Amino acid sequence: MGRRVERSEEDWRRELDAEQYRVLRGKGTEAPFTGKHYKTRDAGTYVCAGCGKELFVSEDKFDSGCGWPSFSRPMDQVEERRDLSHGMDRTEVLCPDCGGHLGHVFEDGPRPTGLRYCINSASLKFKKRE
Ligand code: FE
């Protein structure tokens, strides 16, 4: 529906590994403390594992203790949508370019934003700054 990056389900399945597909396309959640990036502290940029869109920078990453990569803000506008699934009232975060599921945003983050973007490692690729 007018996204910059559109693929058929078949193409997504081919391009993504099983965990990326489950999370990005199936709105899955990786188990806490298991993802590739929850402990990453290097300087760099986190891009969408589906389409490569730049989403978060390391300067906005913080250790929330929740077991998923946590950021106080996105680099640019991301898509946010109310999510009433699983008996909870949450705000889902999606990649604006491909519509991939990234995670959720909560209002218990550090100042000044007060936000915690709780993002699955499987939805991200890390590009280390040279
Ligand atoms: Fe994307």
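The model shown is predicted, which means the values in this text are computed figures rather than measured ones.

Procedures and definitions
Residues numbered from 1 in each chain as written. Predicted model: local features only at pLDDT ≥ 70, side-chain atom pairs only at ≥ 80, totals over all residues. Heavy atoms only, no water. Pairing = 2+ DSSP bridges. Helix = DSSP H or I, 4+ residues; strand = E, 2+ residues; numbered from the N terminus. Donors = N, O, S within 2.8 Å, 3.2 Å for Na, K, Ca; no water. Buried < 20%, exposed > 50% of the residue type's maximum accessible area, 1.4 Å probe, protein only. Phe/Tyr/Trp six-rings, centres within 6.5 Å; stacked < 30°, edge-to-face > 60°. Lys NZ or Arg CZ within 6 Å of the ring centre and 35° of its normal. Salt bridge = Lys/Arg side-chain N within 4 Å of Asp/Glu carboxyl O.

**Let's talk about the sheet that holds strand β6 (residues 90–94)**
Within the open sheet, the six strands sit side by side as β3-β4-β8-β7-β6-β5. Their pairing is antiparallel. The open sheet is flanked by β3 (61–62) and β5 (79–83), the only strands paired with a single partner. With four bridges joining them, β6 and strand β7 (residues 101–106) adopt antiparallel strand pairing. Bridging across to β7, E92 finds its partner in H104.

**Regarding unusual backbone geometry**
Both trends apply: most residues other than glycine have a negative phi, and most peptide bonds are in trans. For the peptide bond that leads from R111 to P112, omega is 5 degrees, which places it in the cis range. Residue position: P112 is located in the loop between β7 and β8 (116–119). The phi dihedral of K27 is positive, around 55 degrees, even though this residue is not glycine. Counting through the fold element by element, K27 comes out in the loop between α2 (18–25) and β1 (44–48). Despite not being glycine, H86 shows a phi value in the positive range, around 55 degrees. Relative to the helices and strands, H86 is located in the loop between β5 and β6.

**Quick notes on the coordination of the iron ion**
Within the protein, the iron ion binds to C48 (SG), C51 (SG), C95 (SG) and C98 (SG); these donor distances fall in the range 2.3 to 2.4 Å. Donor residues binding the iron ion come from one chain and are separated in sequence as C-x2-C-x43-C-x2-C. Linking C48 in strand β1 with C95 in the loop between β6 and β7, this pair joins segments that are 47 residues apart in sequence. Of the two residues, C48 and C95, both sit in the buried class.

**Structural notes on the packing of aromatic side chains**
If you walk through the whole model with that rule in mind, you get five aromatic pairs. Aromatic side chains Y46 and F126 sit 4.7 Å apart centroid to centroid with 40 degrees between the ring planes, which places their arrangement in the tilted category. Separated by 80 residues along the polypeptide, Y46 in strand β1 and F126 in strand β9 (residues 124–128) bring together distant segments of the chain. Centre to centre, the rings of F56 and Y117 are 6.0 Å apart; their planes meet at 55 degrees, and the pair counts as tilted. On the criterion of sequence distance, the pair formed by F56 in strand β2 (residues 54–57) and Y117 in strand β8 is long-range, its members being 61 residues apart. Assigned by exposure class, F56 and Y117 land together as buried. Among the aromatic residues, those joined into a cluster by ring pairs are Y46, F56, F71, Y117 and F126. Across the ring face of W12, the terminal group of R7 is positioned such that the distance to the ring centre comes to 5.2 Å.

**Observations concerning the pattern of salt bridges**
Inspection of every chain in the model, using the stated rule, returns 15 salt bridges. A salt bridge links E92 to K27, with the nearest nitrogen and oxygen atoms 2.9 Å apart. Linking E92 in strand β6 with K27 in the loop between α2 and β1, this pair joins segments that are 65 residues apart in sequence. Note that R129 is salt-bridged to E59, the shortest N-O span being 2.8 Å. Pair noted here: R129 is in the segment after β9 and E59 is in the loop between β2 and β3, with a separation of 70 residues, a long-range link. Assessed through its relative accessible area of 41%, R129 is described here as partly exposed. Several salt bridges converge on common partners, so that one network encompasses R3, E79 and R81.

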